[in-house]
Structure formats: structure tokens, C-alpha cells
Amino acid sequence: MPDPHELKINGKAVRVEVDRDRMLLGVLREDLGLTGTKYGCGEGRCGACTVLIDGQPARSCRTKIGAVGSREVTTIEGLSTGGVLHPLQRAFLEADALQCGYCTSGMIVAASALLRRNPDPSREEIVEFLDGNICRCGTYQRIIRAIRVAAELRKEAAR
Amino acid sequence: MSTPIDAELEIERYELREAPLYHFEPDRRDFLRTLGAGLLVVALVDREASEADAQPRGGRRGGFGGESVPQDVGAWIHIGDDGRIEVSTGKAEVGQNIRTSLAQAVAEELRVPVGSIRMVMADTARTPYDRGTFGSRTTPTMSPQLRRAAAAAREALVDLAAERWKVDRAELTVAEGSVVRKGTNQSIRFRELTEGRSLTRTVSESASITPADQWKVSGHPTPKVDGHAFVTGAHIYASDVRRPGMWYAKVLRSPTYHATLTSVDLSAAKAMTDVVAVRDGDFVAVAARSERQAEQAIAAIRAEWKPGPSISEKTLFDDLKRPGGQQPPERAGRGGNRGNQVGLGEASGSIAEGMRAADFRFEQTYTIAYIAHAPLEPRAAVAEWTEGKLTVWTGTQRPFGVREELMRAFRLPEDRVRVIVPDTGSGYGGKHSGEAAVEAARIAREVGRAVKLVWTREEEFTRAYFRPAGVIEVRAGVRKDGTITAWEFHNHNSGPSGLECPYRTAEKRVAFHASNSPLRQGSYRALASTANHFARESQIDELARAIGMDPLTFRLKNLTDDRMRAVLEAAAKTFGWGRKAGSDRGVGIAVGSEKGGYIATCAEVAIDRSTGRVQVVRAVSAFDCGAVVNPTHLENQVEGALIQGLGGALSEAIAFDDGKIQNPKFSKYRVPRFRDTPEIEVVLIDRKDQPSAGAGETPIVAIAPAVGSAIFDATGVRPRSMPMRPKV
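Criteria and cut-off values
- Residues numbered from 1 in each chain as written.
- Chains lettered and ligands numbered in written order.
- Predicted model: local features only at pLDDT ≥ 70, side-chain atom pairs only at ≥ 80, totals over all residues.
- Heavy atoms only, no water.
- Domains from an automatic or database assignment.
- Buried area = accessible area lost by both parts, 1.4 Å probe.
- Salt bridge = Lys/Arg side-chain N within 4 Å of Asp/Glu carboxyl O.
- Polar contact = N/O pair within 3.5 Å; in protein donor to acceptor, adjacent residues only side chain to side chain.
- Nonpolar A, V, L, I, M, F, W, Y, C, P; charged D, E, K, R; others polar.
- Phe/Tyr/Trp six-rings, centres within 6.5 Å; stacked < 30°, edge-to-face > 60°.
- Helix = DSSP H or I, 4+ residues; strand = E, 2+ residues; numbered from the N terminus.
- Buried < 20%, exposed > 50% of the residue type's maximum accessible area, 1.4 Å probe, protein only.
- Contact = heavy atoms within 4.5 Å.
- Patch = residues over 30% accessible without salt bridge, like charges linked within 9 Å, V, L, I, M, F, W, Y side chains within 5 Å.
- Areas by Shrake-Rupley, 256 points an atom, 1.4 Å probe, with all protein chains shown as cover.
- Lys, Arg positive; Asp, Glu negative; His and termini not counted.
- Charge placed at Lys NZ, Arg CZ, Asp CG, Glu CD.
- Pairing = 2+ DSSP bridges.
- Axes fitted to C-alpha atoms, helices over the stretch in contact; angles between N-to-C directions.
- Parallel < 35°, antiparallel > 145°, perpendicular 65-115°, else oblique.
- Left-handed = near helix turned anticlockwise from the far one by under 90°.
- Expected span 1.5 Å × (residues − 1).

## Focus: the domain arrangement of chain B
Residues and elements named next belong to chain B.
Inference 1: Parsing chain B into structural domains produces domain 1 (3–225), domain 2 (238–308 + 379–454) and domain 3 (339–371 + 466–722).
Inference 2: Placing the centre of domain 2 and that of domain 3 at their C-alpha centroids yields a distance of 39 Å.
Inference 3: Note on domain 2 versus domain 3: buried area summed over both sides is about 780 Å², and carbon and sulfur give 49% of it.
Inference 4: Of the charged contacts in the structure, one is a salt bridge between arginine 520 and glutamate 435, with a shortest N-O distance of 2.6 Å.
Inference 5: Linking domain 2 to domain 3 there are five residue pairs in polar contact (both at pLDDT 80 or more).
Inference 6: Class assignment of the residues belonging to the side of domain 2 that touches domain 3 gives a composition of three nonpolar, six polar and one charged.

## Topic: the packing of aromatic side chains
Two measures describe an aromatic ring pair: the distance that separates the ring centres and the angle between the ring planes.
Residues and elements named next belong to chain B.
Inference 1: Applying the stated rule across the entire model yields 12 aromatic pairs over all chains.
Inference 2: Taken together, a centroid distance of 5.7 Å and an interplanar angle of 85° make the contact between phenylalanine 461 and phenylalanine 666 edge-to-face. One end of the pair, phenylalanine 461, is in helix 14 (residues 457–463); the other, phenylalanine 666, is in the loop between strand 27 (660–661) and strand 28 (679–684), with 205 residues separating them in the sequence.
Inference 3: Exposure remark for phenylalanine 666: the relative accessible area of 4% places this residue in the buried category.

## Re the interface of chain B and chain A
Inference 1: Counting residues at the interface gives 58 residues for chain B, matched by 51 residues for chain A.
Inference 2: The largest contributions to the chain B side of the interface with chain A come from Val231(B), Leu376(B) and Phe674(B), which together make up 20% of the buried area.
Inference 3: Our count for the chain B to chain A interface comes out at 10 salt bridges.
Inference 4: The partner of Arg292(B) in a salt bridge is Asp19(A), and the shortest N-O contact between them spans 3.7 Å.
Inference 5: Where chain B touches chain A, the interface holds 35 residue pairs in polar contact (both at pLDDT 80 or more).
Inference 6: Listed by contribution, the elements that provide at least two residues to the side of chain B that touches chain A are helix 7 (227–231), helix 9 (291–299), helix 18 (631–651) and strand 28 of chain B.
Inference 7: Across the side of chain B that touches chain A, the residue classes break down as 20 nonpolar, 22 polar and 16 charged.

## Considering a positive patch on the surface
Inference 1: On the surface, Arg62(A), Lys64(A), Lys665(B) and Lys668(B) cluster together into a positively charged patch.
Inference 2: You can see Lys668(B) is positioned in the loop between strand 27 and strand 28.
Inference 3: Taking the relative accessible area as the measure of exposure, Lys668(B) reaches 53% and is therefore exposed.

## A look at the sheet that holds strand 5 (residues 172–175) of chain B
Residue and element names in this part refer to chain B.
Inference 1: Taken together, the three strands give an open sheet; going across it, the order is 5-6-7, and neighbouring strands pair in antiparallel fashion. Edge positions in the open sheet fall to strand 5 and strand 7 (187–189), since each of these has one partner strand only. In this sheet, adjacent strand axes meet at a mean angle of 25° when their direction is disregarded.
Inference 2: Looking at chain direction, strand 5 and strand 6 (residues 178–181) are connected through four bridges and run antiparallel.

## Topic: the side chain of Gln644(B)
Inference 1: With respect to the helices and strands, the residue Gln644(B) is situated in helix 18.
Inference 2: Filtering out sequence-adjacent residues up to four positions away, Gln644(B) remains in contact with Arg136(A), His373(B), Tyr428(B), Tyr524(B), Arg525(B), Glu652(B) and Ile700(B).

## Things to note about the pairing of strand 12 (residues 283–288) of chain B
Residue and element names in this part refer to chain B.
Inference 1: For strand 12, the buried fraction is high: six of the six residues fall into the buried class.
Inference 2: Residues Phe283, Ala285 and Ala287 of strand 12 are buried on one face, and the alternating residues Val284, Val286 and Ala288, pointing to the opposite face, are buried as well.
Inference 3: Relative to strand 12, strand 9 (residues 247–251) is paired through four bridges, and the arrangement is antiparallel. Bridge pairing in strand 12 links valine 251 to alanine 285.
Inference 4: With six bridges joining them, strand 11 (residues 275–280) and strand 12 adopt antiparallel strand pairing. Pairing of valine 276 across the sheet is with alanine 287, part of strand 12.

## A look at the domain arrangement of chain A
All names here are of chain A.
Inference 1: In terms of domains, chain A is made up of domain 1 (3–78) and domain 2 (87–158).
Inference 2: Between domain 1 and domain 2, the C-alpha centre-to-centre distance is 21 Å.
Inference 3: Contact between domain 1 and domain 2 buries roughly 1,200 Å² in total, counting both sides, with carbon and sulfur atoms accounting for 57%.
Inference 4: In this structure, the connection of domain 1 to domain 2 is made through six residue pairs in polar contact (both at pLDDT 80 or more).
Inference 5: For the side of domain 1 that touches domain 2, the secondary-structure elements that each account for two or more residues are strand 3 (50–53) and strand 4 (56–59).
Inference 6: Taken together, the residues that form the side of domain 1 that touches domain 2 break down as seven nonpolar, seven polar and three charged.

## Concerning the packing of helix 4 (residues 98–110) of chain B against helix 5 (residues 138–165) of chain B
How two helices sit against one another is set out by the angle between their axes and by the gap between those axes.
Residues and elements named next belong to chain B.
Inference 1: Remark: helix 4 packs on helix 5, axes separated minimally by 7 Å, with the N-to-C direction vectors making an angle of 30°. One finds that helix 4 runs roughly parallel with respect to helix 5. Here helix 4 and helix 5 pass one another in a crossing that is right-handed. Of helix 5, the residues touching helix 4 (which contributes Ile98, Leu102, Ala105, Val106, Glu108, Glu109 and Leu110) are Thr138, Met142, Ser143, Leu146, Arg147, Ala150, Ala151, Ala153, Arg154 and Leu157.
Inference 2: Each residue belonging to the contact of helix 4 with helix 5 can be placed in one class, and the counts come to 11 nonpolar, two polar and four charged.

## A look at the environment of Asp415(B)
All names here are of chain B.
Inference 1: Mapping aspartate 415 onto the fold places it in the loop between helix 12 (399–410) and strand 18 (417–420).
Inference 2: You can call aspartate 415 exposed: its relative accessible area is 53%.
Inference 3: A sequence separation of 221 residues divides aspartate 415 from asparagine 636, and the C-alpha atoms of the two residues are 39 Å apart.

## Re helix 4 (residues 104–117) of chain A
All names here are of chain A.
Inference 1: With 14 residues, helix 4 should reach 20 Å at 1.5 Å per residue; the first-to-last C-alpha distance of 20 Å fits that figure.
Inference 2: With 12 of 14 residues buried, helix 4 is to be regarded as a mostly interior element.
Inference 3: Burial in helix 4 covers these residues: Thr104, Ser105, Gly106, Met107, Ile108, Val109, Ala110, Ala111, Ser112, Ala113, Leu114 and Leu115.

## A short note on the sheet that holds strand 11 of chain B
Residue and element names in this part refer to chain B.
Inference 1: An order of 11-12-9-19-16-17-18 is seen for the seven strands of this open sheet, with the pairing classed as mixed. Either end of the sheet is taken by a strand with one partner, and the two such strands are strand 11 and strand 18. Here the strands of the sheet are splayed against their neighbours by 20° on average, with no regard to which way each runs.
Inference 2: The pairing of strand 16 (residues 380–386) with strand 17 (residues 389–394) spans six bridges and is classified as antiparallel. Following the sheet pairing, valine 382 is matched in strand 17 by tryptophan 393.
Inference 3: Sheet contacts for helix 13 (residues 435–447): strand 9, strand 11, strand 12, strand 16, strand 17 and strand 19 (451–454); angle to strand 16, the most-contacted strand, approximately 40°.

This is how it looks when you write it as C-alpha cells:
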């Protein structure tokens with residue numbers, strides 16, 4: 001039976017009436033129209049559905065709405081603020097780190113969690129952190145480069 | 001080269017092409033009426049030439065019965081008096097970045113910024129017919145058409161300005177969206193020149209275009225034209241489309257591969273609120289207000305299935321070599337075996353003689369597994385019926401082909417079906433067909449509202465078609481001096497692309513033998529070229545090693561094609577070929593050509609002897625596809641193809657047994673991940689003197705044999721199966 005849930009999505013309070021065992025991915029895409037977060041596998045093995053929950057990357061296809069509670073959910077739509085792109089979004093464009101772009105939301109959201117934790121990750125650390133995210137177009141080398149570019153952009157901004 | 005035969009075969013077997021039941025020409029004026037005032041330039045393509053090239057429309061269906069128009073519209077450009085420049089092409093963007101490269105071509109000829117061009121693509125109501133986006137045809141065929149149209153538009157605008165100012169057109173030039181009178185500050189915007197009129201020009205194949213060595217826009221890096229929408233999650237893929245009152249669909253799938261439905265009870269599903277269930281033959285589906293409800297409804301359906309033949313991979317490679325193969329019964333007699341045996345290349349003299357003349361003789365068998373495209377965006381469609389007209393948003397490489405499927409399925413004329421293809425979450429040859437579109441439309445008609453169907457990953461792995469499996473048998477002989485005395489090469493089932501042997505050989509015979517595939521098979525990036533290059537280059541490497549000659553030296557000695565030699569030398573130089581690899585490491589090299597492009601790849605592998613895991617630590621690809629259109633996007637394609645090729649080389653294989661696909665998920669079917677990514681270097685050979693070839697496919701063909709030879713170099717064991725799983 002649907003229950004009311006008060007969610008915090010991209011800094012806004014949102015109320016939805018859905019079954020508590022519905023997955024966050026479906027609620028974001030269907031009920032809230034936030035289609036930037038993608039379905040790729042439904043088993044948490046491709047990363048296309050990655051969102052942040054309290055800053056930690058989470059697979060929204062495996063996260064039940066009842067388990068989200070009042071924690072802060074950030075999707076790709078919430079990363080850029082006031083029309084200003086997140087350094088990772090700029091860096092992905094600069095490094096041409098996408099082809100079809102379907103994995104891009106999940107990649108950028110996951111990478112934002114990495115940069116928060118580790119502002120200057122090495123290639124090995126990026127590989128380790130993002131190994132659960134699939135890019136079928138094979139742009140991995142460019143994504144690694146983009147994350148390192150974003151790290152530089154953030155350092156510059158901090159100066 | 002045997003391109004015509006090759007193209008014919010691939011279409012026959014792999015493009016899943018069936019002639020439409022009917023086709024009529026919509027009135028062109030009607031087609032273009034919505035464009036409004038401005039200058040319209042229509043690029044015509046010669047039908048005969050384009051049929052020879054790519055077999056459009058009805059394929060072998062014959063003529064159009066009294067049709068007198070010898071040319072078709074290939075594309076058009078409209079310069080509106082509101083200043084908009086709209087370019088229309090039936091090609092689809094699936095990540096290969098043709099939205100950008102085609103805009104570059106138009107910008108070049110029109111002398112306008114790339115950003116001022118709006119590309120309208122792959123919409124059957126708004127773009128001219130196009131056979132499909134595959135075979136690396138966009139760059140060699142669509143791009144020149146658009147260039148010619150844009151050049152003609154530019155010249156027409158100059159004519160209009162010359163008329164208006166009463167000056168000689170030689171005094172005029174075009175820059176930044178205006179016609180300018182040289183040596184004065186007199187200029188006029190394009191939009192002002194048409195003065196509210198609707199002017200039309202046509203341009204034929206003979207019109208001249210800017211040669212590559214004078215390009216100022218093409219040939220230079222240009223960012224992905226709508227990149228911003230992709231990095232912000234704003235781009236709407238087919239699976240993201242939302243329509244008012246839209247419901248969500250699920251289709252009932254059989255538990256085994258070729259099963260038929262014997263009985264079904266829909267009552268439990270029908271009893272649910274806001275659920276519609278339908279059965280139509282073997283097709284059973286539900287639609288509901290939410291995806292979740294649709295899942296619950298489909299789970300509530302009780303169905304009995306009669307299992308199909310118990311197909312299994314255990315005997316696959318023996319079966320594929322037998323005429324008749326491992327045939328599912330319902331496909332018997334349906335012509336899956338057309339063109340049974342095809343020999344390409346000259347059957348020169350006697351292979352037996354060549355073998356007798358050799359110092360070393362080999363007879364080897366290579367096997368190729370079925371693999372899945374696994375595009376990250378699964379097949380998806382949103383279908384909506386409005387007053388008997390059907391609109392479908394779907395991700396496909398063949399919008400007009402999917403329209404034909406829908407016309408057939410619902411017995412509709414062409415003007416009642418519209419297929420719109422949003423830029424798609426990739427295809428790799430896997431999205432030629434319209435299953436999801438037909439399924440969504442069928443249930444939408446029942447529900448009477450828009451319906452979305454997104455295939456699950458498991459459906460993608462079990463209901464889509466696969467890259468064909470194959471068996472390749474090679475007989476070859478070599479003399480100690482490096483002369484190849486005999487080359488015999490038989491490909492069973494996987495396909496004829498890349499079958500030819502580019503090496504000088506005294507006696508040569510190559511052939512493709514069709515078989516019956518137990519699994520549904522179809523196009524895949526570069527088709528069988530990957531399989532044939534793997535077997536050929538592995539075998540060439542074995543010949544070189546047998547006579548103690550360096551594999552690079554051996555290839556250069558026997559290759560005659562200058563462009564192939566050039567990429568080989570370029571890759572070897574950048575890689576530093578000739579250095580000895582460390583312990584448990586090995587290096588390999590391979591070369592090939594396909595679709596007018598030339599690729600050579602060097603790879604270094606590290607073997608973990610405790611686990612047998614092969615890590616490709618470094619790879620260099622040198623690529624020549626003629627004049628480079630967008631170096632950044634091209635490098636990206638070459639890197640991506642290499643990564644995708646690593647999957648088929650090392651880890652990907654569809655497992656099937658007991659009539660079932662056994663590994664239909666990413667946790668059981670390993671595609672390349674970050675961890676598998678080597679340090680990649682790409683060397684682009686920019687041949688401004690050569691036409692630009694399509695580049696999405698060719699760079700995939702050389703990585704597997706380069707890795708195979710590197711594994712041999714490290715272990716002394718020659719891998720002969722794709723995927724390679726060396727025993728160490």
C-alpha cells in the first residue's frame with residue numbers, strides 16, 4: 001500500500017505517496033520526472049543509476065524508498081547550481097569523456113563522491129572507486145582524465 | 001577489393017533486412033510544407049548509385065511501377081528568414097558523434113559557426129528516408145550530400161545578394177552568416193536575402209565541395225554539439241520520454257529460448273485496478289499506471305509454455321560446421337541459409353601444391369563465441385495512438401526500418417506511422433530492429449493511452465540478437481625465407497566481412513559458409529571482420545614465429561597495400577616494437593582494414609600465473625580513415641572500439657544450455673570495466689588526399705589478435721578462441 005514519504009531531493013523537500021519497497025530509481029524517474037538518473041541493469045552492477053545519499057554514492061535501482069528516510073538525495077540534476085556546471089561536468093566536456101552519454105550521469109555523480117573524499121585521486125584510486133560503473137562506449141581513459149581535470153579545476157577554484 | 005559482394009552478403013545475412021510490403025512516395029511538397037519562408041536546398045541522390053551503394057527502400061523488390069523520378073531526396077538544408085539554419089537527415093545519433101561531424105560539414109560550406117546549425121535527425125516525419133545508420137556509411141555518403149547542399153545554398157545566397165546590389169558575384173564573399181562585398185563594409189545577413197519568399201534549389205551529386213586540404217571547420221576538434229545536455233542529465237533518451245497520461249508496459253517472456261505459448265490465464269492481472277492485459281498469439285503483455293504495478297501484474301499471469309529444442313553451446317562449434325547447423329525447428333525453410341557458400345578472392349591454383357612447397361605447414365581451427373551488444377540503454381519505446389495515427393519514440397539505428405515494421409504489424413500506411421529517434425544510448429549494430437516499438441504500440445492500442453516499454457537488462461541479453469558465433473579453419477604454409485606458399489581460410493557462420501587475406505600468397509582460397517544458428521544473430525560493430533582478423537592475424541603471427549622472423553618484419557615483407565603498411569609502421573614506432581617484454585609479459589601486433597579504413601594495434605599484456613588473468617597494460621592503435629573530420633571524436637572512437645574489442649577478446653561470451661541463456665546479467669557477463677583499461681595511445685594518420693571513411697567500426701578489428709599474439713609471447717601458448725582464456 002502506498003505510504004506518504006517526505007524525501008529530500010536536490011535540496012528540496014518532496015512528498016510522494018508510494019509503496020515503501022519501491023526502488024528510489026523508479027520514484028525519481030516516474031514520480032518526480034528526474035530522468036537524468038538511468039536504468040542500466042537493475043542489479044547494481046553498472047552504476048548508471050548512481051545517486052548520492054548523504055554524499056555517499058548509492059545504487060538507486062537497489063535502494064528502497066523506505067530506506068532513504070530523511071537523508072539528502074542528490075541526483076545529476078542537483079549537481080550544477082544556478083546554471084553553473086559542476087567542475088566534473090565541465091571536465092567531462094573538456095576531456096570529451098562520453099560518446100552516447102547514457103552512463104555519464106552515473107559516472108559524474110559517483111566521481112563527485114570520490115572528489116569529496118579524495119580531492120586529488122590517482123589513476124589507480126579512480127579505477128578502484130569507479131570499477132562498478134560501466135561505459136559500454138569504452139571512454140574509461142577519458143573519464144579518468146576528466147576526473148583529474150576536475151580535481152585541478154577545484155584546486156584552482158579553492159586558490 | 002570485393003566490396004560489392006561483401007556488402008551484398010552482409011545485408012542478406014546480417015542487416016535483418018526484409019523488403020517492406022508496400023511503399024509509396026509521400027508528396028514532397030507536403031513533406032516540406034512546414035518549413036516556412038526561406039531558402040531550401042534539397043540534396044538529391046541518384047537512386048541507381050545509391051542502390052548499388054546501399055540498397056535503399058525495397059531492396060530486391062524491383063522498380064516502383066511507373067515511377068519517373070530517378071532521384072531521391074537524401075537530405076536538405078533550410079535557411080529560414082528567422083535566421084535558423086535547419087539541417088535534416090534520416091541518420092541517427094547513437095554516440096558516434098555524427099550530429100557534430102555533419103554540423104561541421106555544413107558549417108564549413110555555409111561559412112557559419114557550428115553552433116548556429118540545428119540538426120534534425122532520424123524522425124520519419126521530418127527527415128528524408130534513410131536506410132539506416134550502420135556500415136560506417138554516414139561519413140562517406142551523408143556528409144558529402146550535406147556539403148554539396150550547403151555549398152549550393154551558399155552560392156544561391158551569393159546570387160541573391162548580387163541581384164539585390166546589382167553587382168558581379170565575383171565581388172562577393174560569404175562569412176559569419178552574411179554575404180559581404182569585398183573591400184567595403186557592405187554586408188547582408190542570410191535571413192534578409194530571402195525576403196519572406198520560399199525559394200527552393202536542388203543539388204545533384206556533381207556539385208563541387210571544399211577539398212579537405214582547405215577545410216577550416218572539419219579536420220579540427222569541435223566539441224560535441226549538445227554535450228551540455230548529456231553532462232547535466234537533461235538529454236531525453238527514448239527511455240526518458242514522458243507523455244501525458246502515460247502508462248508502463250511489461251511483456252511476458254518465455255522461460256526458455258524458442259518456447260511457444262500453450263495456455264495463459266490473464267484473470268489475476270485483469271482483476272487488478274489500473275491494469276490492462278492483452279494476449280495476441282504468443283504475445284502477452286500488460287500495461288499499468290506505474291512500472292511497479294505492471295511488474296506485479298505480469299508476475300500474476302499464469303502461463304504454460306512448450307519448450308523449444310534444447311539448444312546448447314556444448315556442441316555448437318561442431319554443429320556450425322555441418323550444413324543444417326543447430327537449427328531451431330520453426331526457422332526451417334525460412335531461408336536462413338541463403339547463399340550457402342561464398343568464395344571471395346581468387347581460387348588460384350592448388351592449395352595442395354602450395355602446401356607441398358612450404359617448409360612449415362599448419363592446419364588450425366579458431367572459434368568465436370556469441371556475444372551481446374549490451375548497449376547501456378536497453379531497447380525502449382514510447383508508443384502513442386492519436387486518431388488512428390501511431391507515434392513511437394524509440395532508440396534505433398533504423399528509424400525508417402522500424403516504421404516499416406510498425407506498418408506491417410498494424411497494417412498501416414506510411415503516413416499514419418511516425419518514428420522519432422532521440423539521440424540513443426548506443427547501439428553498436430544491436431539496434432537495427434524494432435521489437436520494443438512494436439510491443440509498446442500493440443499494448444498502447446489496447447490501453448488507449450501512451451505506453452512506455454523499457455526492456456530489462458535480462459530481456460536485452462535474451463531477446464535481442466547476438467553477434468554470430470563462428471568456426472574458422474585455416475590451412476597455411478610458409479617457407480623459411482618468409483614466403484607464404486598457401487592460404488586457405490574457411491569461415492563457418494560468423495560472416496564474410498574481412499575474409500580476404502591482404503598478404504601476398506602463392507596459392508589462396510577463402511570462403512564463407514553459412515550455417516543455421518541456434519541463437520538469433522545479427523549485425524555487430526564491424527560484423528565478422530573482428531573474427532576473421534583474429535584468426536588471420538593470429539595465424540600470420542604463427543607463421544612468422546615458426547620461421548623465427550619478427551612478426552612485424554614478416555607482415556611488412558608480405559603486405560602490398562601502402563596504407564596498411566603505413567599504419568603498421570606507425571603503431572610499431574609509437575609502441576616501441578622490438579623491445580623485449582618482462583617476465584610474464586608479452587607483446588603482440590596486428591593489422592587490418594575494413595570499410596575503407598586501416599588499423600594497426602600493438603598490445604602488451606601481463607599474465608597473472610596464479611589466476612590466469614590477462615591484463616592488457618598498454619595498447620597503441622594507428623588509424624587511417626582518410627581525411628580526419630574531428631580528431632578528438634575520432635580518437636575517442638578509436639579508444640572506445642579498442643576497449644569494446646577487449647570484451648570480445650578476453651571476457652564476453654553468451655553461455656547457453658538446456659534451451660536457455662545462462663548468463664543474462666552484468667554480474668555473469670563481464671564487459672570491459674575501468675580495471676580492464678590499458679594505457680591507450682592513438683596515432684591518427686590524416687590523409688587529406690583520401691576521402692573520409694566512417695570510423696566507428698574498423699578500429700575494433702585489430703585488438704583481439706594483437707592481444708592473442710601478446711599472450712603467446714608471454715606464455716608460449718597460442719589462443720585460438722574468442723574470448724581467449726589462456727591456461728597458464
